[in-house]
Amino acid sequence: MSILNHLLHITNFKSPLLRTVVPSVAAAVAIQAAAGLPSVLAGTERFFDASGSLTFLAVGALSLYLPHLRARAAGHAAIPSLLGALGGGGPGWNWRQLAATAMAMTWAARLGYYLLGRITRDGGHDARFEKLRTQPLRFAASFLVQAAWVSLMLAPVMALNAVPAAAWAAVPRLTATDALGIGAWAAGFAMEAAADAQKSRWVEAKRNKEHDEQFLSRGLFSVSRFPHYFGEISLWTGLATTAAGVLALKPVQVALGFSGPAGVLATTALSFTAPAFSTLLLLKVSGIPLTEARHDERFKDNKEYQEWKKNTPRLVPKLW
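Just so you know, these numbers come straight off a predicted model, no measurement behind them.

1. Things to note about the overall build of the protein
Right, so step 1: Counting its regular elements, the protein contains 14 helices and 0 strands.
Right, so step 2: Reading the protein from its N terminus to its C terminus gives the helix and strand order α-α-α-α-α-α-α-α-α-α-α-α-α-α.
Right, so step 3: Rg of the C-alpha trace for the protein: 22 Å, near the compact-globule value of 20 Å for 320 residues, within the 12% margin.
Right, so step 4: Along the longest, intermediate and shortest principal axes, the C-alpha atoms of the protein span 65 × 50 × 35 Å.

Structure representation (structure tokens):
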């Protein structure tokens, strides 16, 4: 028995959800361990964010293909072609599974590219790791925390990808939550990407001495102090809405082994784990609190900064 077949065998749980979630989470931990060991030994955080994005891509793809890997291992079916599915809705996948996986992976790829470019321009250093990089155990733990972050953020994607192929025949082609969720994701993604692009251009212009502004308060940053974080929370809320809507349908509930209101509550909670966890991190842990504390200390005597902070919403953009 090959290693892959052995791993598929020991994770072949009765629950379709566990059959997808357990090996996917294990893969996230394994990839982060592989990335963390050389980083800790070298004392560098240069590839921390890039490894997170790569883990997103790998785990997202794995969760999508797992049911088909199991079917092939059992000799029941070949693995379908992704290009074939995109071209004609190939066998084995519902369009929502492809869309949700693509949304998560697109976000991860864009953010990873942006963060890798930023840390490269900054000489391979990230202010978040000023103390951590000299503390091997805590630095190593940060990679395990990142594995947990990837797993939690991909929870709605893994849940959708766990739905057995046979269940999709009884599901409507399109629902209101599909349209609402994808629309919210697109708007959030556009805002986050635009805010990051504006920030990058501002930093580059300052580096080239094209202006002497101490902080960015133009563009999207004139309507929100953290528009990129608002975009991120919005896009994950959109993805969760798409997932929760279809996971609550009776054919899907039955296929996943759930029944009654408790099952709908469980899949809804699982779907909204991503935006809830993202909001917690950005509002209370490593996003806004750290950035705002640095800025408040640096610009405590800057009247323009104090005025901008007073008149500009912290997160939700002002529309008037």
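2. Focus: the UniProt feature "transmembrane region" (unreviewed entry) in the protein
Right, so step 1: The positions UniProt marks with the feature "transmembrane region" (unreviewed entry) are residues 21-41, 47-66, 137-159, 229-249 and 261-283.
Right, so step 2: For the annotated span residues 21-41, helix accounts for 100% and strand for 0% of the residues, and the straight-line distance between the end C-alpha atoms is 30 Å.

3. So, the packing of aromatic side chains
Right, so step 1: Here the structure, examined in full by the defined rule, presents 15 aromatic pairs.
Right, so step 2: Judged by centre distance (4.9 Å) and plane angle (15°), the rings of tryptophan 185 and phenylalanine 189 are stacked. Note that tryptophan 185 and phenylalanine 189 are positioned in helix α8 (residues 176-207) at a spacing of 4 residues, about one turn of the helix.
Right, so step 3: Under the relative-accessibility criterion, tryptophan 185 is labelled buried at 11%.
Right, so step 4: Here phenylalanine 215 and tyrosine 305 contribute two aromatic rings whose centre-to-centre distance is 5.5 Å and whose plane-to-plane angle is 85°, an arrangement assigned as edge-to-face. In this pair, phenylalanine 215 is assigned in the loop between α8 and α9 (227-247) and tyrosine 305 in helix α14 (residues 303-311), connecting sequence segments 90 residues apart.
Right, so step 5: We classify phenylalanine 215 as buried; its relative accessible area is 11%.

Calculation notes
- Residue positions are given per chain, counted from 1 along the sequence in the order it is written.
- At least 70 in pLDDT is required for a residue's local features to be given in this predicted model, at least 80 for side-chain atom pairs to be given and counted, and no such filter applies to totals for whole chains, interfaces and linings, which use all residues.
- Note that water and hydrogens are dropped before the side-chain values are worked out from all heavy atoms of the structure.
- Secondary structure elements follow DSSP: runs of H or I no shorter than four residues count as helices, runs of E no shorter than two count as strands, and numbering proceeds from the N terminus.
- Between the two quantities, the radius of gyration covers C-alpha atoms and the globule rule is 2.2 Å times the number of residues to the power 0.38.
- UniProt positions are given in the numbering used here, feature names are shortened, and annotations may be inferred rather than shown by experiment.
- Any two rings among Phe, Tyr and Trp, with Trp reduced to its six-membered ring, count as a pair given centres within 6.5 Å; such a pair is stacked if its planes are under 30 degrees apart, edge-to-face if over 60, and tilted if neither.
- Throughout this description, buried means an accessible area under 20% of the type-specific maximum (1.4 Å probe, protein chains only), exposed means over 50%, and partly exposed covers the range between.

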